[in-house]
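What follows is the residue order along each chain.
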Amino acid sequence: MFKKSILLFIIFLSIASTAYAAPTSETLQLSVNLVWVMVAAFLVFFMHAGFAMVETGFTRAKNSLNILMKNFITISVAAILFYILGYALMFGTSLGTIIGIDGFLLSGVEDISFFVFQAMFVATCATIISGAVAERMKLSSYVLIVVAMTAVIYPIVGHWIWQGDGWLTALGFSDFAGSTVVHLTGAVGALTAVLFLGPRLGKYTGKKVNVIPGHNVPIGALGIFILWLGWFGFNGGSTLAADPQLVPMVIGTTLLSTSAALVSSALYTKIRFKRVDASLSLNGVLAGLVGITAGCAEISLGGAILVGLVSGIVLVEGIRLLDTKLRIDDPVGAITVHGICGIWGTLAVGLFSTSNGLFYGGGISQLMIQLIGVIAVIAWTMGTMGTFLYIVTRFSSIRVSEEEEIAGLDFAEHGSNAYELKEVILTDESEPISGRLAFADRLNNLSSAGEKG
């Protein structure tokens with residue numbers, strides 16, 4: 001019996017050794033690349049926690065639950081629609097260099113890791129809109145916008161720029177990690193939606209611009225730290241391989257641009273307003289991240305600092321322009337951060353690229369190509385989103401009622417609140433409009449302590 005057992009054991013070892021093949025350097029490299037891309041995808045996924053915290057902290061307590069739900073819905077709807085339709089339109093076989101025509105439901109797609117990574121990006125683009133339309137848009141209308149962005153608008157922009165035979169790619173347009181593809185596209189969609197929505201009640205009184213403070217800046221600051229961390233995966237993972245030279249360079253430029261943007265926005269607000277403005281400085285971090293995203297793989301470390309310094313100043317002036325001059329109400333500054341800074345970051349490639357940038361002897365051609373790409377994406381996104389919202393608003397308003405806005409979207413849309421309030425403030429529908437607006441103005445000026453009770 002013992003001899004039979006030994007014999008069976010030897011046979012088992014023989015079969016196992018035959019079946020097992022030692023890993024080659026190629027398979028090991030593939031595995032390392034896969035792990036890096038998946039870790040980067042996890043970091044980009046975690047960015048949505050950052051977006052949720054930023055939007056929640058920089059808006060009023062009575063809308064917190066609604067914002068959290070929008071962020072969860074965004075990533076869930078985006079992932080499913082990108083699987084069904086978006087991935088094919090973005091990375092399928094090109095029809096006229098404009099749109100993909102195969103790969104629906106990932107048919108014939110073998111690299112699922114690439115799909116997962118890109119799905120995180122499409123959700124990031126869509127969630128930019130959430131903060132800009134906060135506190136006054138119906139949840140159902142927001143979901144419709146997410147559908148339009150993730151199923152059609154974003155994938156076609158991505159096909160132009162990130163598919164090998166897209167027309168902007170063929171032209172020489174460069175956007176390594178998405179200053180235009182992700183951030184500008186999302187910001188233009190947000191701007192279009194805000195133009196249809198109008199400002200929040202009490203934001204503007206005649207020529208006066210009223211400040212509506214967020215209820216929890218520490219939560220917003222935590223969200224920005226999360227976004228900063230996640231962005232290392234956002235930019236670094238866009239290498240799509242664990243390249244020992246490229247990955248550290250990409251993360252290095254990302255770090256330095258962001259740090260420089262925080263410094264410049266803080267110093268600029270001190271000079272401009274005689275104090276360091278916390279909310280603008282915190283948004284400066286995001287400005288530096290967006291600003292370097294397009295060129296993080298081809299701008300030097302020193303160039304990244306310059307890009308970040310400019311991004312911080314652009315952020316401050318951009319928010320002032322939209323808020324006080326154009327009277328576009330964006331509660332979290334998303335349109336400036338992702339849109340205006342996205343444009344700057346895209347154009348910065350034409351200036352600071354070490355291979356063909358203007359400041360490195362490459363002439364003006366790359367800068368002009370970058371400008372063409374920016375104009376094309378703005379025209380496509382605004383035209384498509386504007387047409388979509390025009391059709392939607394023919395059937396129903398995309399904005400909640402005045403009573404619902406005053407009471408808060410947590411109660412109006414979800415029947416509950418994110419915080420336990422000592423008093424639930426409701427209005428009498430018989431109250432005159434002027435009275436309700438005055439009441440809204442009083443709500444806008446409540447302290448965070450008053451809101452949370």
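Residues numbered from 1 in each chain as written. Predicted model: local features only at pLDDT ≥ 70, side-chain atom pairs only at ≥ 80, totals over all residues. Heavy atoms only, no water.

Looking at this structure, I do not really get the layout of surface pockets. What am I missing?
Quantified by volume, the largest pocket comes out at close to 810 Å³. Taken together, 29 residues line the largest pocket, and the ones lying closest to its centre are Val211, Ser279, Leu280, Ile319 and Asp323. Of all the secondary-structure elements, those providing two or more residues to the lining of the largest pocket are helix 10 (278–293) and helix 11 (301–325). Per-element tally for the lining of the largest pocket: the top contributor is helix 11, with 6 residues. (1 Å grid on protein atoms, 1.4 Å probe; cavity = no way out; pocket = protein on both sides within 12 Å on 5 of 7 lines; lining within 4 Å. Points joined across faces, edges and corners; volume = space filled by probe spheres on them. Helix = DSSP H or I, 4+ residues; strand = E, 2+ residues; numbered from the N terminus.)

Can you walk me through the pattern of salt bridges in this structure?
Side chains that differ in charge, positive against negative, can pair when their charged atoms come close. Applying the stated criterion across every chain, the model contains 6 salt bridges. Between Arg60 and Glu135 there is a salt bridge, and its shortest N-O distance comes to 3.1 Å. One end of the pair, Arg60, is in the loop between helix 2 (25–57) and helix 3 (64–91); the other, Glu135, is in the loop between helix 4 (112–132) and helix 5 (139–162), with 75 residues separating them in the sequence. Linking Glu135 and Arg200 is a salt bridge whose minimum nitrogen-to-oxygen distance equals 2.5 Å. Of this pair, Glu135 sits in the loop between helix 4 and helix 5 while Arg200 sits in the loop between helix 7 (179–197) and strand 3 (204–205), placing them 65 residues apart in sequence. When its relative accessible area of 1% is taken as the criterion, Glu135 is described as buried. A residue is classified by how much of its surface remains accessible, and Arg200, at 4% relative accessible area, is buried. Residues joined by salt bridges that share partners form a network here, namely Arg60, Glu135, Arg200 and Asp329. (Salt bridge = Lys/Arg side-chain N within 4 Å of Asp/Glu carboxyl O. Buried < 20%, exposed > 50% of the residue type's maximum accessible area, 1.4 Å probe, protein only.)

What should I look at first to understand the packing of aromatic side chains in this one?
Geometrically, a pair of aromatic rings is defined through the distance of the ring centres and the angle of the planes. Considering all chains together, one arrives at 15 aromatic pairs under this definition. Residues Phe82 and Tyr87 carry aromatic rings whose centres are separated by 5.8 Å and whose planes lie at 80 degrees to one another, so their mutual orientation is edge-to-face. A relative accessible area of 0% places Phe82 in the buried class. When its relative accessible area of 8% is taken as the criterion, Tyr87 is described as buried. When the ring of Tyr83 is compared with that of Phe115, the centres are 6.4 Å apart and the planes differ by 65 degrees; the resulting orientation is edge-to-face. Taken together, the residues span a long stretch of sequence, with Tyr83 in helix 3 and Phe115 in helix 4 at a distance of 32 residues. Relative accessible area serves as the criterion here: at 11%, Phe115 is assigned to the buried category. Three or more aromatic residues joined by ring pairs make a cluster, and in this case those are Phe82, Tyr83, Tyr87, Phe91, Phe114 and Phe115. Over the aromatic face of Tyr142 sits the side chain of Lys70, whose NZ or CZ is 5.1 Å from the ring centroid. A cation sits over an aromatic face here: Lys203 above Tyr204, 5.9 Å from the ring centre. (Phe/Tyr/Trp six-rings, centres within 6.5 Å; stacked < 30°, edge-to-face > 60°. Lys NZ or Arg CZ within 6 Å of the ring centre and 35° of its normal.)

I would appreciate a short explanation of the environment of Val188 in the present structure.
When you line up the elements, Val188 lands in helix 7. Note: C-alpha distance between Val188 and Ile128 (60 residues apart in sequence) is 9.6 Å. When neighbours within four sequence positions are excluded, Val188 is seen to be in contact with Ile378, Thr381 and Met382. (Contact = heavy atoms within 4.5 Å.)

Is there a simple way to explain unusual backbone geometry in this structure?
As a rule of thumb, non-glycine residues mostly have phi less than zero, and peptide bonds are mostly trans rather than cis. Non-glycine residue Leu106 carries a positive phi angle of around 60 degrees. Along the chain, Leu106 falls in the loop between strand 2 (99–100) and helix 4. Taking relative accessible area as the criterion, Leu106 reaches 11% and is therefore assigned buried. The phi angle at Glu135 is positive, at roughly 80 degrees, despite the residue not being glycine.

When you look at the packing of helix 5 against helix 7 in this model, what are you seeing that I'm missing?
When two helices pack together, their arrangement is given by the angle between the helix axes and by the axis-to-axis distance. Look at helix 5 against helix 7: their axes get within 10 Å of each other, and the N-to-C directions meet at 140 degrees. In terms of orientation, helix 5 lies oblique with respect to helix 7. Considering how the two elements wind past one another, helix 5 and helix 7 form a crossing that is right-handed. In this structure, helix 5 uses Ile145, Met149, Ile153, Tyr154, Val157, Gly158, Ile161 and Trp162 to contact helix 7, whose residues at the interface are Thr180, Val181, Val182, Thr185, Gly186 and Ala193. Looking at side-chain class alone, the contact of helix 5 with helix 7 contains 10 nonpolar, 4 polar and no charged residues. (Axes fitted to C-alpha atoms, helices over the stretch in contact; angles between N-to-C directions. Parallel < 35°, antiparallel > 145°, perpendicular 65-115°, else oblique. Left-handed = near helix turned anticlockwise from the far one by under 90°. Nonpolar A, V, L, I, M, F, W, Y, C, P; charged D, E, K, R; others polar.)

Everything listed is a geometric property; what it means functionally is a separate question.
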